[in-house]
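Analysis of the macromolecular model
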Amino acid sequence: MSKPPLTLFLAAPRGFCAGVDRAIKIVELALQKWGAPVYVRHEIVHNKFVVDDLRAKGAVFVEELEDCPDDRPVIFSAHGVPKSVPDAATARQMVYVDATCPLVSKVHIEAGRHHDAGLQMIMIGHEGHPETIGTMGQLPPGEVLLVETVEDVAKVQVRDPDRLAFVTQTTLSVDDTIDIVAALQARFPSIVGPHKEDICYATTNRQEAVKAMAPKADAMLVVGAPNSSNSRRLVEVGARAGCPYAQLVQRAADIDWRALKGITSMGITAGASAPEVLINEVIDAFRARYDVTVEQVETAVENVEFKVPRVLRQSA
Ligand code: 0CN
Ligand code: SF4
C-alpha cells in the first residue's frame, strides 16, 4: 500500500539554544576534568533525555545543594540559582561551576543594579519555576514582587509607585508579556525596565518561527519536556496562531497517531532544551507512515555561542 502524502513543515530555528549547549558542555567537561561523580543541582536543562545521558556518564542530579557532599564538584543548572546557593557552596569550600545561561545572569545583574539604585523590583514570571526562584533570590526576601498575569498587575501592592523597576523570565510568551508590561506601565508610569522585556533571542526566534509555520499546518508538534517553560509556550503560540492541533511530545512514542488522522500537512518544532536526536526520531516516525516532503519555515538564522567558564577551558 502506498503511503499518504504529507508536507512536513520544519520550523527554524528550533531545538538547542546557545545557553543549553553551553550548560551541557559544562557538565561534560567537568566530568572529564574531575571524573565521576560530578553533582548537578536541578536538571541541567529541562529534558529527561539530556539528563539521562549525562547521568550515564557519571553526573548525579539533586534538587538541593544540601544533597551534595562537600568534596565533589557541583554544577548549577542553566536556569540560575538564588544568591544563597553559591554563598552556601563557598561557605562549605565546595568546588562549583555555574552553568546559568549568560542571558539569565544578565537579568540577575539588572535586578541587582535596580535594587542598589533604591528601586523595588517586580518580576514577570511563572511562580515556582527555577529561573523565577533564582532571579528573585538575587535580592533579599520581599524585595521582588512576582506578577504572572495582567490581573496580578492590578492587585500588586508596592512600597512606592514612583520607585519601581521590572525584569522578566527569559522564556515567556512574547505576546503575553507585551500585555503585562503595558499594564505595568499604565499603572506605574515611572517604572524602569529593559527596552522591551528580558525574553531571550532563542525564545523569541522559536516563537516567531512557530507563528509563521502554524497557520499552514493541519497539526503541529513541539518536541520538549512538560517542565520546559519555553517548549510549553511554543504549543500555546502555535494554537493561538491558528493551528487546530498543537501538542507537546517528548519523543516519537508520545505521538497520538489517531488524533492526526486525515492530515496532509504537519508542523514540527522543538524547545530550546530538546536534543536534535529526538527531533529526528519524530521526523523519522512520520517518514515511516507518510510520503513526506520536508519544507523549512525559516524566520531567523542564529549564530550565538557562549564560552564555557575559564576553569573548564583548558581541558576542552
Ligand atoms: O527547557 P529549559 O531547560 O528551561 P525553561 O524553558 O523551563 O526555562 O530550556 C533552557 C532555558 C533556560 C534557561
Ligand atoms: Fe539562555 Fe534563552 Fe537558552 Fe534559556 S532559552 S538557556 S535564556 S538562550
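Rules used in this analysis
- Residues numbered from 1 in each chain as written.
- Chains lettered and ligands numbered in written order.
- Predicted model: local features only at pLDDT ≥ 70, side-chain atom pairs only at ≥ 80, totals over all residues.
- Heavy atoms only, no water.
- Pairing = 2+ DSSP bridges.
- Helix = DSSP H or I, 4+ residues; strand = E, 2+ residues; numbered from the N terminus.
- Axes fitted to C-alpha atoms, helices over the stretch in contact; angles between N-to-C directions.
- Parallel < 35°, antiparallel > 145°, perpendicular 65-115°, else oblique.
- Left-handed = near helix turned anticlockwise from the far one by under 90°.
- Contact = heavy atoms within 4.5 Å.
- Nonpolar A, V, L, I, M, F, W, Y, C, P; charged D, E, K, R; others polar.
- 1 Å grid on protein atoms, 1.4 Å probe; cavity = no way out; pocket = protein on both sides within 12 Å on 5 of 7 lines; lining within 4 Å.
- Points joined across faces, edges and corners; volume = space filled by probe spheres on them.
- Buried < 20%, exposed > 50% of the residue type's maximum accessible area, 1.4 Å probe, protein only.
- Expected span 1.5 Å × (residues − 1).
- Domains from an automatic or database assignment.
- Buried area = accessible area lost by both parts, 1.4 Å probe.
- Near = heavy atom within 4 Å.
- Areas by Shrake-Rupley, 256 points an atom, 1.4 Å probe, with all protein chains shown as cover.
- Sits in = over half its atoms within 2 Å of the grid points.

Whenever strands of a sheet pair, they do so through backbone hydrogen bonds, lying parallel or antiparallel. Reading across the sheet, the four strands line up as E3-E2-E4-E5 and stay open at both edges, with parallel pairing between neighbours. A strand with exactly one partner marks an edge of an open sheet, and here the two such strands are strand E3 (59–62) and strand E5 (96–98). Strand-to-strand twist in this sheet, taken as the mean axis angle between neighbours without regard to direction, amounts to 25°. Looking at chain direction, strand E4 (residues 74–76) and E5 are connected through three bridges and run parallel. Note that in E5 the partner of Ile75 across the bridge is Val97.

The next point concerns the packing of helix H8 (residues 201–213) against helix H9 (residues 229–240). Axes are the key here: two packed helices are described by the angle between their axes and the distance separating the axes. Where H8 meets H9, the closest approach of the two axes is 9 Å, and the angle between their N-to-C directions is 25°. The orientation of H8 relative to H9 falls into the category roughly parallel. In the packing of H8 onto H9, the handedness of the crossing is right-handed. For the pair formed by H8 and H9, the contact residues are Thr203, Arg206, Gln207, Val210 and Lys211 on the first element and Asn230, Arg233, Leu234, Val237 and Gly238 on the second. Taken together, the residues that form the contact of H8 with H9 break down as three nonpolar, four polar and three charged.

Okay, empty space enclosed by the protein next. In this structure the tally under the stated criterion is one cavity of 30 Å³ or more. As for the largest cavity, its lining consists of 23 residues, of which Val20, His79, Thr170, Thr171 and Asn230 are closest to the centre. Broken down by secondary-structure element, the contributors of at least two residues to the lining of the largest cavity are helix H1 (18–34), helix H4 (102–116), H8 and H9. Per element, the largest residue contribution to the lining of the largest cavity is three residues, and it comes from H8. Residue composition of the lining of the largest cavity, grouped by class: 11 nonpolar, 11 polar and one charged.

Tracing the chain through its elements places Thr132 in helix H5 (residues 130–136). Here Thr132 falls in the buried class, since its relative accessible area comes to 1%. The contacts of Thr132, once residues within four sequence positions are left out, are Met123, Gly125, His126, Leu146 and Gln169.

We now examine the layout of surface pockets. It is a probe the size of a water molecule, rolled over the atoms, that shows where empty space is left. Taken as a whole, the largest pocket encloses approximately 210 Å³ of empty space. What lines the largest pocket is a set of 14 residues, and nearest its centre among them are Phe16, Arg206, Glu302, Asn303 and Val304. For the lining of the largest pocket, the elements supplying multiple residues, two or more each, are H1 and H8. Of the residues that constitute the lining of the largest pocket, the class distribution is eight nonpolar, one polar and five charged.

Bringing helix H7 (residues 174–187) into the picture now. For H7, spanning 14 residues, the distance from its first C-alpha to its last is 20 Å, which sits close to the expected 20 Å at 1.5 Å a residue. Those residues of H7 that sit buried are Val174, Thr177, Ile180, Val181, Ala183 and Leu184. Of the surrounding secondary structure, the elements contacted by the buried residues of H7 are strand E6 (120–124), strand E7 (144–147), helix H6 (150–155), strand E8 (164–168) and H8.

On to the environment of Lys57, then. Mapped onto the elements, Lys57 comes out in the loop between helix H2 (48–56) and E3. Overall, Lys57 belongs to the partly exposed group, its relative accessible area being 43%. Sequence spacing of Lys57 and Asp160 is 103 residues, and the spatial spacing of their C-alpha atoms is 51 Å.

Attention now goes to the domain arrangement of the protein chain. Entries for the protein chain in the domain assignment read domain 1 (5–16 + 201–298), domain 2 (18–101) and domain 3 (103–187). Spacing between the C-alpha centres of domain 1 and domain 2 amounts to 30 Å. Between domain 1 and domain 2, the contact holds 12 residues from the first and 11 residues from the second. Approximately 910 Å² of surface area, both sides summed, lies buried where domain 1 meets domain 2, with 59% of it carried by carbon and sulfur atoms.

Around ligand 1, the neighbouring residues are Val20, Val45, His46, Ala78, His79, His129, Thr171, Asn227, Ser228, Ser229, Asn230 and Ser273. In isolation ligand 1 has 350 Å² of accessible area, and contact with the protein removes 96% of it. At a threshold of 2 Å from the grid points, most atoms of ligand 1 map onto the largest cavity. Two domains each donate at least three residues to the shell around ligand 1, and these are domain 1 (5–16 + 201–298) and domain 2 (18–101).

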